[in-house]
Amino acid sequence: MEFKVDHLGKKYGDKAALSDVSYTFNNGVYGLLGPNGAGKTTFLDMIATTTRASTGRVVYREMDVEKQLEAWHSRIGYLPQHMEFYPHFTGYEFLKYLYLLKGGQEKYPEQLDLLLTRLHLYDVRNDRIRTYSGGMKQRLGIAQAFIGKPELLLLDEPTVGLDLEERAEFKQMIREMGKGACVLLSTHIVSDVEETADQVLFMSEGRIIKSLPLSVCEEEMTREGMESLEDYYLKLAGRKLHDRTDTV
C-alpha cells in the first residue's frame, strides 16, 4: 500500500499537537519515536480518521480519505492507545463482530482462531471480556487490529501489558505483516522499534524531525558510540544524553 499525509496539522485551541506534516508511506514497518506530547498518538488518530485534521489531508489513490471513508476503513487495522471493549461480549464474539463490521462474510475465517492462538487467548475465547486481565484485553485489541489482513496497520503502544513471550510473538507478527503491508508502530519501548522497524520516524513537538532506515541509524549509532535509538533521538532533539526527563 502507498498513501501519504499532506501538510497534516491539528490544533487544540492555541496549542498545535501536529504541525504541517507531510510524508509518503509504502509497505514496511515504520517506528514512531518521540517523547510524550510529540504528536505520535494524534498522528495515528488522524490517519485512522478518529480525529479530524485542522489542516491538510490523508491521501490514498490521489483522493482525500475523508471522501472515501468506507474504502479507507476497510483497508486499515487500528489499535488505539486506549481500546474500548463490550464487556458482556466473549473474546470470540468481539472478534466476530468486528470481522463483520469490516465486511467479512457470515462464515468466520480460520484467521480468528489463528489470532487467538498466537496471542494466547484461544483457551479463554468464550469467556466474557469483563473477566479478562489488562494484558488479555491488550492482546484482544491487537487481534482485532489484524482482522482481515489489513493493508495498513496502525498500532499505538501495542506491547503495554505483554510479557516477554507475548512481546516476542507480537514482534514476529509485525515483521510478517510488514512484508506485504504498511505498519506504523508508536511505542515507548525502544527495543520494539529496534527489533521490528525498517524505517524510523523521529517526532518532536508535532513534527517529524528526521526519518531514516533503521540500518542507517544503526551505522551512525555505532560510529558515534551510541547505545540505543533513545540516545540517537536525544542527540537529534538537541538534548544531553544524561538528561532523560522524557521517555522516548
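Undergrad: What is the right way to read the pattern of salt bridges from this model?
TA: Oppositely charged side chains can pair when the atoms bearing their charge come close. Applying the stated criterion across every chain, the model contains 11 salt bridges. For Glu 66, the salt bridge is made with Arg 52, and the minimal N-O distance between the two is 3.4 Å. Placement of the pair is Glu 66 in the loop between β5 (63-64) and α2 (69-73) and Arg 52 in the loop between α1 (40-48) and β4 (55-60), with a sequence separation of 14 residues. Here Arg 118 makes a salt bridge to Glu 169, at a shortest N to O gap of 2.5 Å. Of the two residues, Arg 118 sits in helix α4 (residues 110-118) while Glu 169 sits in helix α6 (residues 164-178), which places them 51 residues apart along the sequence. Its relative accessible area of 22% is what places Glu 169 among the partly exposed residues.

Undergrad: Please clarify how α1 should be interpreted in this entry.
TA: Helical periodicity: at 3.6 residues per turn, an α-helix aligns residues three or four positions apart in one direction. Counting buried residues along α1, 8 of its 9 residues qualify, which places the element largely inside the surrounding structure. Restricting attention to buried positions, one finds in α1 the residues Lys 40, Thr 42, Phe 43, Leu 44, Asp 45, Met 46, Ile 47 and Ala 48. Where α1 ends, the next residue or the one after it, Thr 49, has phi of about 70°, a positive value.

Undergrad: What is the right way to look at the layout of surface pockets in this model?
TA: Over the atoms, a rolled probe matching the size of one water molecule traces out where space is still vacant. The computed volume of the largest pocket comes to approximately 510 Å³. Taken together, 16 residues line the largest pocket, and the ones lying closest to its centre are His 73, Ile 76, Tyr 78, Lys 102 and Gln 144. The biggest single contributor to the lining of the largest pocket is strand β6 (residues 76-79), with 3 residues. Size it by volume and the second largest pocket reaches roughly 220 Å³. Asn 36, Gly 37, Ala 38, Gly 39 and Lys 40 are the residues nearest the centre of the second largest pocket, which is lined by 17 residues in total.

Undergrad: Please clarify how the packing of aromatic side chains should be interpreted in this entry.
TA: Each aromatic ring pair is summarised here by two numbers: the centre-to-centre distance and the angle between the ring planes. In total, this model carries 14 aromatic pairs according to the counting rule given. Ring geometry for Tyr 60 versus Trp 72: centroids 5.5 Å apart, planes at 50°, classification tilted. One end of the pair, Tyr 60, is in strand β4; the other, Trp 72, is in helix α2, and 12 residues separate them in sequence. Relative accessible area serves as the criterion here: at 0%, Trp 72 is assigned to the buried category. An aromatic cluster is defined as three or more aromatic residues linked by ring pairs; in this entry it consists of Phe 3, Tyr 23, Phe 25, Tyr 30, Phe 43, Tyr 60 and Trp 72. The lysine or arginine in question, Lys 10, covers the ring of Tyr 12, its NZ or CZ lying 5.2 Å from the ring centre. The ring of Tyr 122 carries the charged tip of Arg 125 above its face, separated from the ring centre by 3.8 Å.

Undergrad: What is the right way to read the nonpolar core from this model?
TA: Across soluble globular proteins, nonpolar side chains show a tendency to be buried alongside one another. Core analysis: the largest hydrophobic core is formed by 48 residues, its most contacted members being Phe 146, Leu 155, Val 200 and Leu 229. Looking at which element gives the most residues to this core, the answer is helix α5 (residues 134-146), with 6 residues. Once residues lying within four places of it in the same chain are set aside, the contact partners of Val 200 are Gly 31, Leu 33, Val 193, Lys 210, Ser 211, Leu 212, Leu 214, Cys 217 and Leu 229. Counting 28 residues, the second-largest nonpolar core is a separate cluster that includes Leu 44, Ile 76, Leu 152 and Leu 184.

Undergrad: Mind showing me how you'd approach the sheet that holds strand β9 (residues 199-204) here?
TA: As summarised here, the arrangement of the 6 strands in space is β6-β7-β8-β3-β9-β10, forming an open sheet in which the pairing is mixed. Of all strands in the sheet, those bounded by a partner on one side alone are β6 and β10 (207-213). Here the strands of the sheet are splayed against their neighbours by 15° on average, with no regard to which way each runs. Bridge count for strand β3 (residues 28-33) against β9 is 4 bridges, and the pairing is parallel. Following the sheet pairing, Leu 32 is matched in β9 by Leu 201.

Reading the values: the criteria
Residues numbered from 1 in each chain as written. Predicted model: local features only at pLDDT ≥ 70, side-chain atom pairs only at ≥ 80, totals over all residues. Heavy atoms only, no water. Salt bridge = Lys/Arg side-chain N within 4 Å of Asp/Glu carboxyl O. Helix = DSSP H or I, 4+ residues; strand = E, 2+ residues; numbered from the N terminus. Buried < 20%, exposed > 50% of the residue type's maximum accessible area, 1.4 Å probe, protein only. 1 Å grid on protein atoms, 1.4 Å probe; cavity = no way out; pocket = protein on both sides within 12 Å on 5 of 7 lines; lining within 4 Å. Points joined across faces, edges and corners; volume = space filled by probe spheres on them. Phe/Tyr/Trp six-rings, centres within 6.5 Å; stacked < 30°, edge-to-face > 60°. Lys NZ or Arg CZ within 6 Å of the ring centre and 35° of its normal. Core = buried A, V, L, I, M, F, W, Y, C linked by side-chain atoms within 4.5 Å. Contact = heavy atoms within 4.5 Å. Pairing = 2+ DSSP bridges. Axes fitted to C-alpha atoms, helices over the stretch in contact; angles between N-to-C directions.

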